[in-house]
Amino acid sequence: MTLSLEELLQRNPDAETLKLWLKKVPYASFLGIEAEVRGGDILFILPDDERLIGNPGLPAIHGGVVGAFMEQAAAFHLIARMNRPVLPKIIDFSLDYLRPARLRPTYAQCVVTRQGRQIANVSVSAWQVHSDEPNAIARAHFLIPGTD
Amino acid sequence: MRRLSHSEKVRAIEAISEQIPHARLLGICLERIDGEELTMKMPYRDELVGNPQTGAIHGGALTVLLDQTLGIASVCCDQVGPMLTPTLDLRIDHLGVAPAGRDIFAVGRVYRVTRRIVFVEGFAYCESRERSIARATGSWVLMSEVDSRTLFPAHSPETPV
């Protein structure tokens, strides 16, 4: 029996569940996004893949792809922290590029800065070599449906 | 950089789109140039879906299209011309949902150029320009002129042999 994403969201967000979630989202699978659980926190991984290059000169990963990866990380991180998990809807997304993402794996971790009843604010940091030297930072607002 | 003619803008944007592997993979291509305004198209494909329950396009896919469109809008800006412009920041407001099965278009336009920064705005839509599904604004840093030989390889008399 195949479970829908909605059903899978109710599971405990361990490494196996995160893998199932990512597999259910076509665009996340297309980018090849992976996730691991490390010390109680979720680490999202965007593997190095020549298909994702946006600047062939450097070469560097497409800035939009880095943003898409960070938005997906923020959404699943938020779901993993929800009491009654639902798919949140993105309201707005603000992205600062600090250094180009080279053709190597990119990592992302998130913090739910504020979770209200209807709106959540999630910040994301993405890095390649050291987590204290981020390639990009982002902030996303999500609407949590079905709370009114 | 001198001002580009309409056909030079078309050729430059087609060359840039062709040289970017991820843009080529998604089939992001030039739709239209209206003076200093640029419209790009991202053809629908099932891999772009973000919500498997509704079939809606992933917000991140719109980020890719808008980053791509706003990023190369400088080509159409008569004040700037084709420049190497790393993105400083990008903000996207998701005003609606891009439904399954529809091609997506993005419009970009440089609205202010300072000595070091290009300020660009734009939006994305499916059916009608009047009903945008996302709006974007961002800043790009002016680095250096793009080597015209990479944009017009067959037409440049200075191409070294």
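About the thresholds
Numbers given for residues are sequential positions, taken from 1 along each chain in its written order. Just so you know, chain letters begin at A and ligand numbers begin at 1, following the order they were written in. Reporting in this predicted model follows two pLDDT cut-offs: at least 70 for local features of residues, and 80 or more for side-chain atom pairs to be given and counted; totals over whole chains, interfaces and linings ignore these cut-offs and use all residues. Helix and strand labels come from DSSP, where a helix needs a run of H or I of at least four residues and a strand needs a run of E of at least two; each type is numbered from the N terminus. Our radius of gyration looks at C-alpha atoms and nothing else; its globule reference is 2.2 Å times the residue count to the power 0.38. To sort residues by burial, count the other C-beta atoms lying within 10 Å of each one's C-beta; a count of 20 or more means buried, 12 or fewer means exposed, and anything in between means partly exposed. C-beta atoms are built from the backbone. Residues are scored as being in contact if the C-beta atoms we place from backbone atoms lie within 7 Å. Note on pairing: DSSP must find at least two bridges between two strands before they are called paired. The predictor attaches a confidence to each residue, and that confidence, scored 0 to 100, is pLDDT. Put simply, a nonpolar core is a cluster of buried Ala, Val, Leu, Ile, Met, Phe, Trp, Tyr and Cys residues tied together by C-beta atoms within 7 Å. Lines fitted to C-alpha atoms define the axes here, with helix axes fitted over just the stretch in contact, and angles between the N-to-C directions of these axes take values from 0 to 180 degrees. Of all possible arcs, the one meant is that of the directions from the helix axis to the C-beta atoms.

The subject of this paragraph is the overall build of chain B. Each helix and strand in chain B was counted, giving 4 helices and 10 strands. Put simply, chain B runs from its N terminus to its C terminus through helices and strands in the order α-α-β-β-β-β-α-β-β-β-β-β-β-α. The C-alpha radius of gyration computed for chain B amounts to 16 Å, which stays within 12% of the reference 15 Å derived for 161 residues, consistent with globular compactness. With the C-alpha coordinates of chain B rotated into their principal frame, the extents come out at 55 × 35 × 25 Å. By the burial criterion, 40% of the 161 residues in chain B qualify as buried. Pairs at least 24 apart in sequence give 62% of the contacts found in chain B among residues at least 6 apart.

Turning our eyes to something else, we now look at the overall build of chain A. The helix and strand tally for chain A stands at 4 helices and 8 strands. If you list the helices and strands of chain A from N to C, you get α-α-α-β-β-β-β-α-β-β-β-β. Its C-alpha atoms give chain A a radius of gyration of 15 Å, near enough to 15 Å, the size a compact globule of 148 residues would have. The principal-axis extents of the C-alpha atoms in chain A amount to approximately 50 × 35 × 25 Å. Across the 148 residues of chain A, 41% fall into the buried class. Contacts in chain A between residues far apart in sequence, at least 24 positions, make up 56% of those at least 6 positions apart.

Residue and element names in this part refer to chain A. Every second residue of strand S7 (residues 119–127) is oriented toward a common face, the buried set being Ala-120, Val-122, Val-124 and Ala-126 and the non-buried set Ile-119, Asn-121, Ser-123, Ser-125 and Trp-127. Bridging between strand S6 (residues 106–115) and S7 involves 8 bridges; their strand directions are antiparallel. Within S7, the position partnered with Gln-109 by the bridge is Ser-125. Hairpin connection, S6 to S7: the antiparallel pair is bridged by 3 residues. As defined by bridge partners, S7 adjoins strand S8 (residues 136–143) across 8 bridges and the pair is classed as antiparallel. Residue pairing across strands places Ser-123 opposite Arg-139, the latter belonging to S8.

Taken together, the contacts link 32 residues of chain A with 30 residues of chain B. Among the elements of the structure, helix H1 (5–8), helix H3 (26–31), strand S3 (53–55), helix H4 (63–80) and strand S5 (89–97) of chain A are those that each provide at least two residues to the side of chain A that touches chain B. Looking at chain direction, S5(A) and strand S6 (residues 87–94) of chain B are connected through 5 bridges and run antiparallel. Bridged to A:Leu95 within S6(B) is B:Leu90.

Okay, the confidence of the model for chain B next. Do not read the predicted coordinates in detail wherever pLDDT is low. Residue and element names in this part refer to chain B. Per-residue confidence for chain B averages 89 on the pLDDT scale, and 91% of its residues sit at or above 70. A low-confidence stretch, residues 156–161 (pLDDT under 50), is modelled with 5 contacts involving residues beyond four sequence positions or located in other chains. The complex prediction reports pTM at 0.93, with the ipTM value standing at 0.94.

Here we come to the nonpolar core. A:Leu31, A:Phe69, A:Met70, A:Val124, B:Leu65 and B:Ala124 are the most contacted members of the largest nonpolar core, which totals 84 residues. A per-element tally of this core places H4(A) first, with 11 residues. Ignoring any residue separated from it by four or fewer positions in sequence, one finds A:Leu31 in contact with A:Leu46, A:Leu52, A:Val65, A:Ala68 and A:Phe69.

So, about the sheet that holds S5(A). A sheet is described by the order of its strands in space; here 12 strands give the open sequence S1(A)-S2(A)-S6(A)-S7(A)-S8(A)-S5(A)-S6(B)-S9(B)-S8(B)-S7(B)-S2(B)-S1(B), paired in antiparallel fashion. A strand with exactly one partner marks an edge of an open sheet, and here the two such strands are strand S1 (34–38) of chain A together with strand S1 (29–34) of chain B. Shown here is a sheet whose adjacent strand axes are inclined to one another by a mean of 20 degrees, direction ignored. Contacts from H4(A) reach strand S2 (41–46), S5, S6, S7 and S8 of chain A together with S6 of chain B within the one sheet, and its direction differs from that of S7(A) by about 130 degrees.

Here the focus is the pairing of strand S9 (residues 132–141) of chain B. Residue and element names in this part refer to chain B. The pairing of S6 with S9 spans 7 bridges and is antiparallel. Within S9, the position partnered with Arg-91 by the bridge is Thr-137. Direction of pairing for strand S8 (residues 117–125) relative to S9: antiparallel, over a ladder of 9 bridges. Across the sheet, Val-120 pairs through a bridge with Gly-138, a residue of S9. As consecutive antiparallel partners, S8 and S9 are separated by 6 residues.

All names here are of chain A. If you check which residues of helix H2 (residues 15–24) are buried, you get Leu-18, Trp-21 and Lys-24. Buried positions in H2, seen along its axis, are confined to an arc of 125 degrees and lie on one side of it. Along H2, the residues that are exposed and aim more than 90 degrees away from the buried face are Glu-16 and Lys-23. Packed against the buried residues of H2 are H1, S1, S2 and H4.

A few words on unusual backbone geometry. The omega torsion across A:Leu58 and A:Pro59 is -10 degrees, close enough to zero to call that bond cis. Looking at the element boundaries, A:Pro59 is found in the loop between S3 and strand S4 (60–61).

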